[in-house]
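Overview (structure and organization)
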Amino acid sequence: MRWVILSSLYGFINPDFVIPEDYDVTFNNPYHAIINPTVSIDSLVQQIRDMNLDSFDMACLFSSCWGEKYRMRVENAFISFPVRIDLFSQGGF
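As the structure is a prediction and not an experimental result, all values here were calculated from the model. (Residues numbered from 1 in each chain as written. Predicted model: local features only at pLDDT ≥ 70, side-chain atom pairs only at ≥ 80, totals over all residues. Heavy atoms only, no water.)

**What about the pattern of salt bridges?**
Taken as a whole, this structure holds three salt bridges when the rule is applied. A salt bridge links Glu75 to Arg71; the nearest nitrogen and oxygen atoms lie 2.5 Å apart. Of this pair, Glu75 and Arg71 are both found in helix α3 (residues 68-77), four residues apart, which corresponds to roughly one turn of the helix. A residue is classified by how much of its surface remains accessible, and Arg71, at 17% relative accessible area, is buried. Measuring nitrogen to oxygen at the nearest pair gives 2.7 Å for the salt bridge that ties Asp86 to Arg84. In the salt-bridge network here, residues are joined through shared partners; they are Glu68, Arg71 and Glu75. (Salt bridge = Lys/Arg side-chain N within 4 Å of Asp/Glu carboxyl O. Helix = DSSP H or I, 4+ residues; strand = E, 2+ residues; numbered from the N terminus. Buried < 20%, exposed > 50% of the residue type's maximum accessible area, 1.4 Å probe, protein only.)

**Some thoughts on the environment of Leu53**
Within the secondary structure, Leu53 is located in the loop between α2 (41-50) and β3 (58-63). Sequence separation between Leu53 and Trp3 is 50 residues; the distance between their C-alpha atoms is 9.4 Å. Excluding residues that lie within four positions of it along the chain, Leu53 makes contacts with Arg2, Val4, Phe12, Ile48, Phe78 and Val83. (Contact = heavy atoms within 4.5 Å.)

**Things to note about a nonpolar patch on the surface**
On the surface, a nonpolar cluster with roughly 370 Å² of combined accessible area is contributed by Tyr31, Ile34 and Ile35. Counting through the fold element by element, Ile34 comes out in helix α1 (residues 30-35). A relative accessible area of 68% means that Ile34 is categorised as exposed. (Patch = residues over 30% accessible without salt bridge, like charges linked within 9 Å, V, L, I, M, F, W, Y side chains within 5 Å. Areas by Shrake-Rupley, 256 points an atom, 1.4 Å probe, with all protein chains shown as cover.)

**Considering unusual backbone geometry**
Even without being glycine, Asn52 reaches a positive phi, approximately 60 degrees. Residue position: Asn52 is located in the loop between α2 and β3. A relative accessible area of 46% means that Asn52 is categorised as partly exposed.

Here you go:
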């Protein structure tokens, strides 16, 4: 089993990735995306290839109730790969 984190700024990152500084970027706020651009779908697709995330049959997405935009990003990034996306959501934190 392998897991990664979806950062709206850095894309798919490994759990041991050190984020160098605070940032205020989210897929959930279009205004923030104008000022602080989020990671593009093209970048996510390239990360999927580079990190061999397309070698799995299934990806599980764990998300809070606010994760709809994140789910859409993951699904759009994986659309051309034969990977099934299963969503597991919970209430807000």
